[in-house]
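Spelled out from the first residue to the last, the chains are:
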Amino acid sequence: MAGTSLLALIDDITTILDDVAAMSKVAAKKTAGVLGDDLALNAQQVAGVSADRELPVVWAVAVGSMKNKAILVPAALAISAFAPWAITPLLMLGGAYLCFEGFEKIAHKLLHGEHEDEVHHAELAAAVADPTVDMVAMEKDKIKGAIRTDFILSAEIIVIALGTVAEATFTQQVTVLAGIAVVMTVGVYGIVAGIVKMDDAGLYLTRRRGAGAFLRGLGGFLLAAAPRLMKFLSVAGTLAMFMVGGGILTHGIPAAHDVIHHAAEIVGAWPTVGGALQAVTPSLLDAIAGVVAGALVLVGVTAAGRFLRLFKRSH
């Protein structure tokens, strides 16, 4: 009897694991797009610190990301069970914040001259060169900003994954969400670590004793590609903020989602290029919506800040 119960338990566990593996594959596919945005954003966030602090910063953000998911997974399960109506408003609030962050970067570029940026970069370079400066303290804001951005993207990943297992048992939901959380975090920050250390790897290969022409050439390629990749990630990270944030907002507004869907169908009917345009139109319109939303939120935040300052002065 005991042996039969044990075999039945093992069979149940095996079945659950098979189901979990299948659902995890579906969840991973559906969250792959957000994973790409997450990668671009976080590589951009941790870029720009001193070489010997790059990996500690990546590690600090990765730990923060795991803490985010440790909060988000049970929160998503609880909200899904007791207040499913709250998921969309919370996601839209996060999407608006992402759009705000993205537009704030653009506004900074437009409103602040190159001379001001050069002075700022010179101050950072001097701080990095000064051994008495506490770089950990300087990096604190960068790490906090990256973790805040990760929280919003992680929330979207968790909610998308939850949607793929909405009809599954609670045990299967927990297992899938926990597995997705761990795999996504390890994958994103493992790749981010590789990106930010790419120039160091190239320098090592070019200076390695006995290195052949191929390795030296590879090292030179990595050294040349690293700054270009960082510039690309800076642009891609901002664009990803608008695409992800705008996508959350448009999906939360049925009328906007329908307009985007119909626009994609219209351009899809065009000869020759219709298929390609249909594929990129939703993302493009999401990004445009994100820019508009970011501008509106920035105007609102700025106006509210000025009002509060005037109110404090008057009292």
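Conventions adopted
Residues numbered from 1 in each chain as written. Predicted model: local features only at pLDDT ≥ 70, side-chain atom pairs only at ≥ 80, totals over all residues. Heavy atoms only, no water. Helix = DSSP H or I, 4+ residues; strand = E, 2+ residues; numbered from the N terminus. Buried < 20%, exposed > 50% of the residue type's maximum accessible area, 1.4 Å probe, protein only. Contact = heavy atoms within 4.5 Å. Axes fitted to C-alpha atoms, helices over the stretch in contact; angles between N-to-C directions. Parallel < 35°, antiparallel > 145°, perpendicular 65-115°, else oblique. Left-handed = near helix turned anticlockwise from the far one by under 90°. Phe/Tyr/Trp six-rings, centres within 6.5 Å; stacked < 30°, edge-to-face > 60°. pLDDT = per-residue confidence, 0-100. Nonpolar A, V, L, I, M, F, W, Y, C, P; charged D, E, K, R; others polar.

Engineer: Would you take a moment to explain the overall build of the protein for this structure?
Structural biologist: The number of helices and strands found in the protein is 10 helices and 0 strands. Out of the 315 residues in the protein, the part that is buried amounts to 36%. A sequence separation of at least 24 residues applies to 78% of the contacts in the protein between residues at least 6 apart.

Engineer: Teacher, can you tell me more about the side chain of Asn68 here?
Structural biologist: If you trace the backbone, Asn68 turns up in helix H2 (residues 54-82). The buried category is assigned to Asn68, whose relative accessible area is 7%. When residues no more than four places from it in sequence are discounted, the contact partners of Asn68 are Ile147, Asp150 and Phe151.

Engineer: What's the story with the packing of helix H7 (residues 198-207) against helix H8 (residues 213-252) in this structure? I'm lost.
Structural biologist: When two helices pack together, their arrangement is given by the angle between the helix axes and the distance between those axes. Between H7 and H8, whose axes approach to 7 Å, the crossing angle comes to 155°. In terms of axis orientation, H7 runs roughly antiparallel to H8. As H7 packs across H8, the resulting crossing turns out to be left-handed. Taking contact as the criterion, the partners of Met198, Asp199, Ala201, Gly202, Leu203, Leu205 and Thr206 in H7 are, on H8, Leu215, Arg216, Leu218, Gly219, Gly220, Leu222, Leu223, Ala225, Ala226 and Leu229.

Engineer: Would you take a moment to explain the packing of aromatic side chains for this structure?
Structural biologist: The relative placement of two aromatic rings is captured by the distance of their centres and the angle of their planes. For the structure shown, the criterion picks out 2 aromatic pairs. A ring pair is formed by Tyr97 and Phe100, whose centres lie 6.4 Å apart and whose planes are at 40°; its orientation type is tilted. Within this pair, Tyr97 and its partner Phe100 are both found in helix H3 (residues 87-111), separated by 3 residues, close to a single helical turn. Among the residues examined, Tyr97 registers a relative accessible area of 26% and is labelled partly exposed. With centroids separated by 6.4 Å and ring planes inclined at 25°, the aromatic side chains of Phe307 and Phe311 adopt a geometry described as stacked. Taken together, the residues span about one helical turn, with Phe307 and Phe311 both in helix H10 (residues 274-314) at a distance of 4 residues.

Engineer: Teacher, can you tell me more about the confidence of the model for the protein here?
Structural biologist: When pLDDT drops low, the exact placement of atoms in the prediction is not to be read closely. Averaged over all residues, the pLDDT of the protein equals 74, while 73% of them reach at least 70. Considering each helix and strand of the protein separately, the mean pLDDT is smallest for helix H1 (residues 2-46), with a value of 47, and largest for H10, with 88. Counting interchain partners and residues more than four positions distant, the pLDDT-below-50 stretch residues 1-21 has 5 contacts.

Engineer: Whenever I open this one, the packing of H8 against H10 confuses me. Can you help?
Structural biologist: Running from N to C, H8 and H10 cross one another at 90°; their axes reach a closest spacing of 7 Å. In terms of orientation, H8 lies roughly perpendicular with respect to H10. Contacts between H8 and H10 pair Leu239, Phe242, Met243, Gly246, Gly247, Leu249, Thr250 and His251 from the former with Ser283, Asp286, Ala287, Ala289, Gly290, Val291 and Ala293 from the latter. Classifying every residue of the contact of H8 with H10 gives 8 nonpolar, 6 polar and 1 charged.

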